[in-house]
Amino acid sequence: MNFMQALRTRWSEADTMVCVGLDPDPSRFPAVVRDDPDSVFAFCRAIVDATADLACAFKPQIAHFAALCAEDALERLIAHIHDAHPDVPVILDAKRGDIGSTAQRYVIEAFDRYDADAVTLNPYLGRDSIQPFLDRADKGVILLCRTSNPGGADFQNLDCGGRPLYQRVAETIARDWNEHGNCALVTGATFPEELGQVRRIVGDMPLLVPGIGAQGGDVEAVLREGADASGAGLMISSSRAILYAGSDDDYAQAARAAANQLRDQINTYRSKA
Ligand SMILES: O=C(O)c1cc(=O)[nH]c(=O)n1[C@@H]1O[C@H](COP(=O)(O)O)[C@@H](O)[C@H]1O
């Protein structure tokens, strides 16, 4: 099953639009994990196993592993997800983007080395920098459009021929880059009006929506502005608010409770949408 099929199956059959972000930070690990020599893997695996049935996708953030020299833990974690929870696709959050010859190597990194089902990318270098990813039709290509951070507007909202740049990005990707139907866009929960503008431009293209939880995004506004015509279409991503919901021995259960609460909240507004 390709990434888009797997995602749509999670939306319908598992009834969840929660994307569980995996951003390990050892300074926030509970004491029970901290002394484990393989703590990054042990922590993330416990979170994954506790939340898999509630997740439409997992999104490990590569810098959170690379900064700890824990790429090996990331490889094993993704292998574990495929093995133990084969229905839940994995988005490698790498935000790559470079000239074609280097992009080819990033494709190998994401899809062959890490065996991810989808990857986040920065479209700033243009079509040829993304083409090697687009060519992998079974994989998801998730492009930054209107990011959740305060400085996202610095460039993304600049006027570009009468419309903000992020709208041009959405338009071009939906019209020209999505030949294989494998594109999705990143639109932060912290700017729901812009999220709505993107939804109106891209039809039912899936949107990855970070910014819920620690960054303060509003779930109701995200559903109101971002749901597609079927009431789905979203990967609503939360990392810290799930990962560090608890700090005691039962941290995985606390993470599960947080993910469950987010799923229920999303589904409440989804049914009203
Ligand atoms: O591509 C992303 O995932 C992303 C895009 C964006 O606009 N904003 C954003 O926060 N992210 C990522 O989403 C995660 C958000 O983490 P929390 O704020 O802890 O939920 C981090 O891993 C960010 O790198």
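This is a predicted model, so every value here is computed, not measured.

A. Region of interest: the overall build of the protein. When its secondary structure is counted, the protein shows 13 helices and eight strands. Taken against the 2.2 N^0.38 rule, which gives 19 Å for 273 residues, the C-alpha radius of gyration of the protein at 18 Å falls within 12% of a compact globule. Along the longest, intermediate and shortest principal axes, the C-alpha atoms of the protein span 55 × 45 × 35 Å. Counting the 273 residues in the protein, one finds 49% classified as buried. Partitioning the contacts of the protein with sequence separation of at least 6, the portion at a separation of at least 24 is 72%.

B. Just the packing of helix H9 (residues 165–177) against helix H10 (residues 192–202), in detail. At a minimum axis separation of 9 Å, H9 and H10 run at an interaxial angle of 25°. As far as their axial angle goes, H10 and H9 are roughly parallel. Taken as a pair, H9 and H10 cross one another with a handedness that is right-handed. Touching Tyr-166, Gln-167, Ala-170, Glu-171 and Ala-174 of H9 are Glu-194, Gln-197, Val-198, Ile-201 and Val-202, all from H10. Considering only residue class, the contact of H9 with H10 consists of six nonpolar, two polar and two charged.

C. Local environment of the UniProt feature "active site" (unreviewed entry) in the protein. Here the UniProt-annotated "active site" (unreviewed entry) positions come out as Lys-95. With respect to the helices, strands and loops of the structure, Lys-95 is situated in strand E3 (residues 91–96). If we skip the residues at most four places from it in the chain, Lys-95 touches Thr-120, Leu-121, Asn-122 and Leu-144.

D. Region of the structure containing the site of the ligand. Surveying the vicinity of the ligand reveals 19 residues, the closest of which are Thr-147, Ser-148, Pro-210, Ser-239 and Arg-240. Here the residues of the shell around the ligand sort into three nonpolar, 13 polar and three charged.

E. Representation of the environment of Gly-100. Positionally, Gly-100 belongs in helix H6 (residues 100–113). Its 13 C-beta neighbours within 10 Å are what place Gly-100 among the partly exposed residues. Residues contacting Gly-100, with those up to four places away along its chain left out, are Asp-128, Ser-129, Gln-131 and Pro-132.

F. How the structure looks around the confidence of the model for the protein. With 99% of its residues at a pLDDT of at least 70, the protein reaches an overall mean of 97. Taken over the whole predicted complex, pTM reads 0.98, whereas the ipTM for its chain interfaces reads 0.99.

G. Structural context of helix H3 (residues 39–51). Taking 1.5 Å of rise per residue, 13 residues should cover 18 Å, and H3 covers 18 Å from first to last C-alpha, within 8% of that figure. When we look at burial in H3, the residues that qualify are Val-40, Phe-41, Phe-43, Cys-44, Ile-47, Val-48, Ala-50 and Thr-51.

H. Structural view of the nonpolar core. Membership of the largest hydrophobic core comes to 90 residues, with the highest contact counts inside it found for Val-18, Val-119 and Ala-255. Tallying contributions element by element places helix H13 (residues 251–272) first for this core, with eight residues. Excluding its chain neighbours within four sequence positions, the residues that come into contact with Val-119 are Ile-91, Leu-92, Ala-94, Arg-96, Ala-110, Phe-133, Val-141 and Ile-142.

Calculation criteria
Residues numbered from 1 in each chain as written. Predicted model: local features only at pLDDT ≥ 70, side-chain atom pairs only at ≥ 80, totals over all residues. Helix = DSSP H or I, 4+ residues; strand = E, 2+ residues; numbered from the N terminus. Rg over C-alpha atoms; globule rule 2.2 N^0.38 Å. Buried ≥ 20, exposed ≤ 12 C-beta atoms within 10 Å, placed from the backbone. Contact = placed C-beta atoms within 7 Å. Axes fitted to C-alpha atoms, helices over the stretch in contact; angles between N-to-C directions. Parallel < 35°, antiparallel > 145°, perpendicular 65-115°, else oblique. Left-handed = near helix turned anticlockwise from the far one by under 90°. Nonpolar A, V, L, I, M, F, W, Y, C, P; charged D, E, K, R; others polar. UniProt positions renumbered as here; feature names shortened; annotations may be inferred. Near = placed C-beta within 6 Å. pLDDT = per-residue confidence, 0-100. Expected span 1.5 Å × (residues − 1). Core = buried A, V, L, I, M, F, W, Y, C linked by C-beta atoms within 7 Å.

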